[in-house]
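# Observations on the model geometry
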Amino acid sequence: MSVKAETTAHTGNAASPLAPGWLAVPADLNALQEPMWAGSVERNDAGSLTVGGVTVQELKEQFGTPLFVMDEADFRARARAFKDSFDAAFAEICGGVDVYYAGKSFLCTAVVKWVEEEGLRLDTASGGELAVAARAGIAGERVALHGNNKSDAEINRALDMGLGRIVVDSLDELVRVGDIARVRGEQAKVMLRLTPGVHAHTHEFIATAHEDQKFGLSMAADTTDQAGLSAAEEAVAAASAHPGIELLGLHCHIGSQIFEPDGFALAAEKLLRFLAAMQEKYSIVMPELDLGGGYGIAYTPVDTPRPAAEIAEAMAAVVRSTCAELGIASPRISIEPGRAIVGSTTFTLYEVGTLKTVRVDAPAGSGAGEDGNNVTYPRRYVSVDGGMSDNARPVLYDADYSAILASRTSTAAPQLSRVVGKHCESGDIVVRDVYLPEDVAAGDLLAVPGTGAYCWALSSNYNYLARPGVVAVRDGSARLIVRGETEEDLLNRDMGA
């Protein structure tokens, strides 16, 4: 029995004045609110959440909690949707698109194999991620390496593996990469990461195309330089003259968790104009253009992610019209979705522990207490057996999540709750505001959707908690793709007195 529904106002319970304006009381606390969940997640007739036909109780019994639970078929479907949609949209423009899965969002050898089997390439951001790629056996020419401060060892590993591209972030790094390749008697395949100065509507820590941040080569003219060249133009000239560099093209990435299309379109137009200018000035034809990723997903019911086909068609329209205006052939386009593929494939399964309710003052502007009387309202804290060690995003970015009672259904009234972890930090919040049934109790299982991206990847051992495992579920069976840590794993690194 599939139970998925849109969020509507609850007819029998007024929203708490403590709830943020976007948080409506669900009409049915047992329904899975779209579009936050993977395709196979539903409730069975007994009320248990299932994924790929496996119940959360079975998952807890076999693997414990907390646990990252991934729908493998959903991952593959989302990867395929990006590849198929972008290939179709760009078929007549540049023969299709190279889709690089952004491994920094979540990476393990199983995922690398899925990515390759679905026709995608792989984007890495460190030597460790390159090591995962090598162990998985993906061909080096299908792998890219990012990073603003690559070590000599990472550059040499990229060359050893025959990487299809190294994305260079600065003039200093360009020279280092070129010199290392030249000494080896090779040419490094290089793309230049530019900062087009596009403002992405997202958290400032994950907006990456404005000037005042660490990534990329500025496209703004340097007024202190006699020639007035931008760092981006200096890099094009230097790369084209360096014997250790094969200049493939340009790259940009405007940020992450972005819903509005304007930024992507403006960045594409700016880079195409720059590419055309460099072609005319230096007679350099750069055959590739990477427009990055950053497409948003639904963490809460009000988030409205765009389908891959819609993104592809909008970007293709800009590339087509701009190239026609400039009178140039379109370069081969590539993109780098990560979160948009893996984020919604996964939920984190927790067990509820302690609960407590406190009374707090009504917030200013809520309308309560306007007669001068102090009005307080209840806030319930629901503690789970994980926390900021398996999801650091709320404390890092004020990221919003949702949660649902997973082990059973309930007819109890909704109560505004705050799901918190077990760490010795007041900021250890998993879900800041969510309506859960009043009768949630110790031993219940909660599921937090949308945790496939940047949760396991950012996980830690704070308070010496072991990091959870990752389970892939498909067609009624579940298997570990990343083993959860044990206390012995933690102690093995302690070298003693």
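Notes on the structure follow. Worth saying up front: this structure is predicted, and the values here are computed from it rather than measured.

## Here's the deal with the overall build of the protein chain
Each helix and strand in the protein chain was counted, giving 12 helices and 23 strands. On C-alpha atoms alone, the protein chain measures out to a radius of gyration of 25 Å, which is about the 23 Å that the 2.2 N^0.38 rule sets for 497 residues. With respect to the principal axes defined by its C-alpha atoms, the protein chain has extents near 70 × 55 × 50 Å. Summarising the internal contacts of the protein chain: among those between residues at least 6 apart in sequence, 71% fall at separations of at least 24. When the accessible surface of the protein chain is split by element, carbon and sulfur atoms take 49% of a total near 20,500 Å².

## As for the sheet that holds strand 4 (residues 49-51)
The strands making up a sheet associate through hydrogen bonds between their backbones, and the pairing can be parallel or antiparallel. Spatially, 3-4-5 is the arrangement adopted by the 3 strands of the open sheet, whose pairing is antiparallel. The sheet is open, and its two borders are formed by strand 3 (42-43) and strand 5 (54-55), each paired with just one other strand. Bridge analysis of strand 3 against strand 4 gives 2 bridges, and the strand direction is antiparallel. Within the sheet, the bridge partner assigned to E42 lies in strand 4 and is T50.

## With respect to the state of the cysteines
Here a disulfide denotes a covalent bond joining the sulfur atom of one cysteine to the sulfur atom of another. Enumeration according to the criterion identifies 0 disulfides in this entry. In this structure C323 is not part of a disulfide, and its nearest cysteine sulfur, from C94, lies 8.5 Å away.

## Details of empty space enclosed by the protein
The final tally for this structure, using the stated rule, is 4 cavities of 30 Å³ or more. In this structure, the largest cavity spans a volume of roughly 70 Å³. Around the largest cavity sit A102, K104, H253, S256, G293, G294, Y295, E336, G338, R339, A340 and Y454, which together line it. Tallied by class, the residues present in the lining of the largest cavity amount to 4 nonpolar, 5 polar and 3 charged. Put simply, the second largest cavity is a space of about 50 Å³. Of the residues that constitute the lining of the second largest cavity, the class distribution is 6 nonpolar, 1 polar and 2 charged.

## So, the packing of aromatic side chains
This model, assessed by the stated rule, comprises 9 aromatic pairs. Ring geometry for F264 and Y295: centres 5.1 Å apart, planes at 50°, overall tilted. Note that F264 is positioned in helix 8 (residues 262-282) and Y295 in the loop between strand 14 (288-290) and helix 9 (308-326), a separation of 31 residues in sequence. What links up through ring pairs into an aromatic cluster is the set F82, F86, F90, F264 and Y295. Its guanidinium or amino end placed over the ring of F215, R193 lies 4.4 Å from that ring's centre, counting from NZ or CZ.

## Quick look at helix 7 (residues 231-241)
Of all the positions in helix 7, only A232, E233, A235, V236 and A239 are classed as buried. On an axial view of helix 7, the arc spanned by its buried residues comes to 160°, and they lie on one face. The inward-facing, buried residues of helix 7 abut helix 6 (171-183), strand 11 (188-195), strand 12 (217-218), strand 13 (245-251) and helix 8.

## Some remarks on the pairing of strand 17 (residues 376-384)
Relative to strand 17, strand 16 (residues 346-361) runs antiparallel, the two sharing 8 bridges. Residue pairing in the sheet places T357 in a bridge with R380 of strand 17. Note that strand 17 and strand 19 (residues 414-420) share 4 bridges and pair parallel. For S383, the partnering residue across the bridge sits in strand 19 and is V420.

## Concerning a nonpolar patch on the surface
Among the surface-exposed residues, V395, L396 and L458 lie close enough to one another that they form a single nonpolar patch of about 220 Å² accessible area. Mapped onto the elements of the fold, V395 is located in helix 11 (residues 393-397). Using a relative accessible area of 41% as the deciding quantity, one classes V395 as partly exposed.

## Here's the deal with the nonpolar core
By size, the foremost hydrophobic cluster in this structure holds 109 residues, and its most contacted members are F86, F90, Y101, F106, L192 and I481. For this core, the element with the highest residue contribution is helix 8, accounting for 9 residues. When sequence neighbours within four positions are dropped, the list of residues in contact with F90 reads G95, G96, V97, A312, M315, A316, V319 and I333.

## With respect to the environment of L248
Along the chain, the position of L248 falls in strand 13. Other than its neighbours up to four places away in sequence, L248 contacts G164, R165, K189, V190, M191, M286, P287 and E288.

Reading the values: rules and limits
- Residues numbered from 1 in each chain as written.
- Predicted model: local features only at pLDDT ≥ 70, side-chain atom pairs only at ≥ 80, totals over all residues.
- Heavy atoms only, no water.
- Helix = DSSP H or I, 4+ residues; strand = E, 2+ residues; numbered from the N terminus.
- Rg over C-alpha atoms; globule rule 2.2 N^0.38 Å.
- Contact = heavy atoms within 4.5 Å.
- Areas by Shrake-Rupley, 256 points an atom, 1.4 Å probe, with all protein chains shown as cover.
- Pairing = 2+ DSSP bridges.
- Disulfide = S-S within 2.5 Å.
- 1 Å grid on protein atoms, 1.4 Å probe; cavity = no way out; pocket = protein on both sides within 12 Å on 5 of 7 lines; lining within 4 Å.
- Points joined across faces, edges and corners; volume = space filled by probe spheres on them.
- Nonpolar A, V, L, I, M, F, W, Y, C, P; charged D, E, K, R; others polar.
- Phe/Tyr/Trp six-rings, centres within 6.5 Å; stacked < 30°, edge-to-face > 60°.
- Lys NZ or Arg CZ within 6 Å of the ring centre and 35° of its normal.
- Buried < 20%, exposed > 50% of the residue type's maximum accessible area, 1.4 Å probe, protein only.
- Arc of directions from axis to C-beta.
- Patch = residues over 30% accessible without salt bridge, like charges linked within 9 Å, V, L, I, M, F, W, Y side chains within 5 Å.
- Salt bridge = Lys/Arg side-chain N within 4 Å of Asp/Glu carboxyl O.
- Core = buried A, V, L, I, M, F, W, Y, C linked by side-chain atoms within 4.5 Å.

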